[in-house]
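Observations on chain architecture
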Amino acid sequence: MLNLLTFPCAARTVRGLIGTLIETAADAIRSIAPATPAEAPAVVEAPDPAGMYEAAEMPEVDAIEAAAAEYERAADQARRADRGKRAAKKVLDRLPAGIYGTWRIFRTPSSRQTPDLAEITRLFKAHGLGPVPMKACAPSLKVERATAADEPAAAAVAAFAA
């Protein structure tokens with residue numbers, strides 16, 4: 001190919017081919033890429049569950065801040081522990097049962113059961129019962145440090161607690 005580039009007409013042909021390939025690739029990327037950069041999706045908040053504090057029961061803001069900081073620290077520690085467990089499990093899952101050094105690796109049957117959704121769906125379809133009824137899971141508790149943009153909401157909470 002290097003020899004082709006030394007001839008002027010061959011070099012134009014190769015450059016033209018490369019340019020065409022680059023244009024085609026760019027067109028393909030533009031056709032699937034959004035025209036404008038995607039904005040982060042808005043956070044959807046679930047309604048508060050039953051059993052929330054009444055105004056007279058509200059803990060002090062210092063206690064709430066301490067609980068939120070502890071929750072965030074513990075959640076981060078749990079995520080790190082989960083990553084470590086997953087990495088170790090990749091190795092251990094592939095081992096046959098046996099004794100390895102000072103560790104005994106074995107498996108026990110689980111007593112937990114879970115619905116077989118594939119079989120339930122098959123039965124619903126076979127009997128014309130429509131889609132399998134599903135219910136939403138409980139909302140997840142999220143904790144993050146407030147920003148200056150959150151100050152109006154903080155003022156409303158403080159007014160509620162007063």
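Cut-offs used in this document
- Every chain is numbered independently, its residues counted from 1 as its sequence is written.
- Local features are withheld for residues below a pLDDT of 70 in this predicted model, meaning they are given only at 70 or higher, and side-chain atom pairs are given and counted only at 80 or more; totals for whole chains, interfaces and linings count all residues.
- The basis for the side-chain values is all heavy atoms of the structure; hydrogens and waters are excluded.
- Strands here mean DSSP runs of E at least two residues long; helices mean DSSP runs of H or I at least four residues long; both are numbered from the N terminus.
- Exposed residues in this analysis have more than 50% of their type's maximum accessible area, buried residues have under 20%, and partly exposed residues fall in between, with area computed by a 1.4 Å probe over protein chains only.
- Whether two residues are in contact is decided by their heavy atoms: any pair within 4.5 Å suffices.
- Surface accessibility follows the Shrake-Rupley procedure with a 1.4 Å probe radius. Residue values consider only the protein chains on display as shielding.
- Two aromatic rings, drawn from Phe, Tyr or Trp (for Trp, its six-membered ring), form a pair once their centres lie within 6.5 Å of each other, and the interplanar angle then sorts them: stacked below 30 degrees, edge-to-face above 60, tilted otherwise.
- Put simply, a charge is over a ring when the Lys NZ or the Arg CZ is close to the ring centre, within 6 Å, and near the line of the ring normal, within 35 degrees.
- Patch construction takes residues with relative accessible area above 30% that form no salt bridge. Like charges are linked within 9 Å, and nonpolar side chains (Val, Leu, Ile, Met, Phe, Trp, Tyr) are linked within 5 Å.
- Salt bridge, as used here: a side-chain nitrogen of Lys or Arg that lies within 4 Å of a carboxyl oxygen of Asp or Glu.
- Residues scored as positive are Lys and Arg, those scored as negative are Asp and Glu, and His as well as the terminal groups of each chain are ignored.
- A single reference atom marks each charge: NZ on Lys, CZ on Arg, CG on Asp, CD on Glu.

A count of helices and strands for the protein gives five helices and two strands. Its helices and strands taken in sequence order, the protein reads α-α-α-β-β-α-α from the N to the C terminus. Residue burial in the protein is summarised as follows: out of 162 residues, 4% are buried. Looking at the protein alone, contacts between residues at least 24 apart form 31% of all its contacts between residues at least 6 apart. For the protein, the exposed area adds up to about 15,200 Å²; of that, 63% sits on carbon and sulfur atoms.

Applying the stated criterion across every chain yields a total of zero aromatic pairs. Positioned over the ring face of F106 is R104, at 4.0 Å from the centre of the ring.

Attention now goes to the environment of A67. Mapped onto the elements, A67 comes out in helix 3 (residues 61-92). Expressed as a C-alpha distance, the spacing of A67 and V143, which sit 76 residues apart in the sequence, is 9.9 Å.

Okay, a negative patch on the surface next. A grouping of E45, D48, E72, E144, D150 and E151 is seen on the molecular surface, where their side chains present a negatively charged patch. Its place among the elements puts D150 in the loop between helix 4 (117-126) and helix 5 (151-161).

This structure, assessed with the given rule, holds five salt bridges. E70 is the salt-bridge partner of R73, the closest N and O atoms lying 2.7 Å from each other. Of the two residues, R73 and E70 both sit in helix 3, three residues apart, roughly one turn of that helix. Classification of R73 as partly exposed rests on a relative accessible area of 42%. Note that R79 is salt-bridged to D76, the shortest N-O span being 3.8 Å. Placement of both R79 and D76 in helix 3 is noted, with a separation of three residues, approximately one turn of the helix. By relative accessible area, which is 30% here, D76 ends up partly exposed. If you follow the salt bridges from partner to partner, you end up with D76, R79 and R80 in one network.

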